[in-house]
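Structural description and commentary
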Amino acid sequence: MAQRPGFPLKLDKATPAPRTLKATANVKPSLSTAATSAASFGSPAPSPVQSLGMDSSAVRQRMVQKLAAQGLQDPMVLQAMGAVERHRFVESALVAQAYEDTSLPIGLGQTISKPNVVARMIELLRNGAAGKLGRVLEIGTGCGYQAAVLSHIATEVYSMERLKGLHEKARANLRHFRLANVHLLFGDGMLGYAKGAPYAAIISAAGGESVPQAWLDQLAVGGRLVAPTVTAGGQQALMVIDKTPQGFQQSVLEAVHFVPLKSGVS
Ligand code: SAH
């Protein structure tokens with residue numbers, strides 16, 4: 001039975017930030033400010049990265065250099081990857097691995113994708129656009145990391161999660177960043193989120209047997225969808241679909257390993 005997604009939750013509502021969504025929607029979000037204030041976060045206890053003696057900004061820059069060496073080129077994506085503090089999205093026991101090119105568990109059997117895959121998918125999603133994308137729909141909020149990265153490259157991010165526990169975890173993780181342009185939704189992302197449509201781009205962090213019709217319907221003409229999908233050979237690969245005035249154009253790219261796209265909520 002199809003379920004409608006919950007109402008959008010505006011992250012800044014829970015904070016005393018005196019900004020309205022309208023006023024900040026087109027303004028660069030405050031991640032870089034959050035990054036520079038990392039030293040005072042969690043006061044009086046030091047952040048896990050501090051207690052491990054890591055300078056998170058320097059470690060992130062090294063991660064970005066590796067991404068560039070691996071062939072990632074889009075400056076806006078590299079800037080976003082360098083700005084978002086990935087260590088804030090993983091359990092404290094895993095903080096030391098936060099900037100390694102590895103996927104990590106985030107609870108409830110799910111994983112945060114490795115930085116290379118996040119950057120690659122967002123680079124594909126942007127497709128060399130000159131400026132920021134408009135509204136972007138993300139399926140599979142997980143811990144909220146990718147939503148935070150997306151908030152740098154899109155004017156609005158709608159991110160859906162089907163597991164209540166992770167939806168709430170993402171809300172808690174993201175609160176610190178005060179990203180007024182990220183809207184977390186609890187619901188079955190296979191149905192998309194019609195209220196935010198049409199989307200300039202749709203990105204899935206979970207792999208399905210096929211691309212749900214709702215995503216194709218909710219994609220704007222001129223928009224692009226990037227989703228891990230099972231291909232004819234039974235393997236998961238990155239699927240890129242462009243919605244053009246003449247119809248859909250599909251490309252199947254490299255093999256990937258994402259958690260499964262599931263229907264319903266839990
Ligand atoms: N982008 C996330 C990655 C999360 S892993 C991050 O940065 O952490 C993929 C997520 O997709 C899982 O949390 C899983 O629960 C979710 N998922 C799977 N099927 C879904 C669906 N139909 N709707 C919404 N979320 C779904």
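Quick look at the structure, then. (Residues numbered from 1 in each chain as written. Predicted model: local features only at pLDDT ≥ 70, side-chain atom pairs only at ≥ 80, totals over all residues. Heavy atoms only, no water.)

Overview of the overall build of the protein chain
Operational definition: A run of DSSP states H or I qualifies as a helix once it reaches four residues; a run of E qualifies as a strand once it reaches two. Both are numbered from the N-terminal end. Any residue under 20% of the maximum accessible area for its type is buried, any over 50% is exposed, and the rest in between are partly exposed; the area is computed with a 1.4 Å probe on protein chains only. Any two residues whose heavy atoms approach within 4.5 Å at even a single point are treated as in contact. Using a 1.4 Å probe, accessible areas were evaluated by the Shrake-Rupley method; residue-level cover was limited to the displayed protein chains.
Per the secondary structure count, the protein chain includes nine helices and 10 strands. For the protein chain, buried positions account for 53% of its 266 residues. When contacts within the protein chain are restricted to residue pairs at least 6 apart in sequence, long-range pairs at least 24 apart make up 61% of them. Total accessible area on the protein chain stands at roughly 11900 Å², and carbon and sulfur atoms take up 54% of it.

Some thoughts on the pairing of strand 10 (residues 247-255)
Applicable threshold: DSSP calls a pair of strands paired once it identifies at least 2 bridges connecting them.
Here seven bridges tie strand 9 (residues 236-244) to strand 10, and the two strands are oriented antiparallel to one another. Bridge pairing in strand 10 links Asp 242 to Gln 249. Following strand 9, the chain reverses through two residues before pairing antiparallel with strand 10.

Some details on helix 8 (residues 164-175)
Two residues of an α-helix separated by three or four positions point the same way, owing to the 3.6 residues in each turn. Rule in force here: Helix span is expected to be 1.5 Å times the residue number reduced by one. Note that the arc is computed from the directions linking the helix axis to the C-beta atoms.
The end-to-end C-alpha separation of helix 8 is 17 Å, in line with the 16 Å expected for 12 residues at 1.5 Å each. Looking at helix 8, one finds that the buried residues are Leu 166, His 167, Ala 170, Asn 173 and Leu 174. Burial along helix 8 is one-sided: seen end-on, the buried residues are contained in an arc of 130°. Where helix 8 is buried, its residues meet strand 2 (104-107), strand 3 (110-112), helix 7 (145-150), strand 5 (154-161) and strand 6 (182-186).

Topic: helix 5 (residues 75-83)
Worth spelling out the cut-off: Counted as a polar contact is a pair of N or O atoms within 3.5 Å, where, for protein atoms, one must be capable of donating a hydrogen and the other of accepting one, and residues adjacent in sequence contribute only when both atoms are in side chains.
With seven of nine residues buried, helix 5 is to be regarded as a mostly interior element. Among all positions of helix 5, only Met 76, Val 77, Leu 78, Ala 80, Met 81, Gly 82 and Ala 83 are buried. In this structure Asp 74 caps helix 5, since a side-chain oxygen of it lies 2.9 Å from the backbone nitrogen of Met 76.

Observations regarding the layout of surface pockets
To be explicit about the condition: Both site types are read off a 1 Å grid over the protein atoms alone. A 1.4 Å probe that fits but cannot get out defines a cavity, while an open set with protein on both sides within 12 Å along at least five of seven lines defines a pocket; lining residues have an atom within 4 Å of a point. Grid points are joined across faces, edges and corners, and a volume is the space filled by probe spheres set on the points. Each residue receives one of three labels: charged for Asp, Glu, Lys and Arg, nonpolar for Ala, Val, Leu, Ile, Met, Phe, Trp, Tyr, Cys and Pro, and polar for the others, Gly being one of them.
In this structure, the largest pocket encloses a volume near 370 Å³. Gly 140, Gly 142, Glu 161, Ala 205 and Val 259 are the residues nearest the centre of the largest pocket, which is lined by 29 residues in total. Ranked by residues supplied to the lining of the largest pocket, first place goes to strand 3 with three residues. Across the lining of the largest pocket, the residue classes tally to 14 nonpolar, 10 polar and five charged. What the second largest pocket holds in volume is close to 210 Å³. Per-class residue counts for the lining of the second largest pocket are five nonpolar, four polar and one charged.

Points about unusual backbone geometry
For the peptide bond that leads from Ala 197 to Pro 198, omega is 0°, which places it in the cis range. With respect to the helices, strands and loops of the structure, Pro 198 is situated in the loop between strand 6 and strand 7 (199-204). The backbone of Leu 108 sits at a positive phi, close to 55°, despite the residue not being glycine. The phi angle at Arg 178 is positive, at roughly 50°, despite the residue not being glycine. You can see Arg 178 is positioned in the loop between helix 8 and strand 6.

Digging into the nonpolar core
Filter applied, for reference: Residues belong to one nonpolar core when they are buried, are Ala, Val, Leu, Ile, Met, Phe, Trp, Tyr or Cys, and are joined through side-chain atoms within 4.5 Å.
Formed by 53 residues in total, the largest nonpolar core has its most connected members in Met 81 and Tyr 145. Take this core: its biggest share by element is seven residues, from helix 6 (residues 115-126). Each residue touching Tyr 145, except ones within four places of it in the same chain, is listed here: Met 63, Met 81, Val 84, Arg 86, Phe 89, Ile 112 and Val 118.

A word on the pattern of salt bridges
Worth spelling out the cut-off: Whenever Lys or Arg places a side-chain nitrogen within 4 Å of a carboxyl oxygen from Asp or Glu, that contact is recorded as a salt bridge.
Enumeration according to the criterion identifies five salt bridges in this entry. Between Lys 169 and Glu 91 there is a salt bridge, with its nearest N and O atoms 2.8 Å apart. Residue Lys 169 is located in helix 8, and its partner Glu 91 is located in the loop between helix 5 and strand 2; the two are separated by 78 residues in the primary sequence. Residue Glu 91 is classed as partly exposed on the basis of its relative accessible area, which comes to 40%. Salt-bridge contacts for Arg 120 lead to Glu 254; the nearest nitrogen and oxygen are separated by 2.7 Å. You can see Arg 120 sitting in helix 6 and its partner Glu 254 sitting in strand 10, a full 134 residues away along the chain. Of the residues examined, Arg 120 reaches a relative accessible area of 26% and is grouped as partly exposed.

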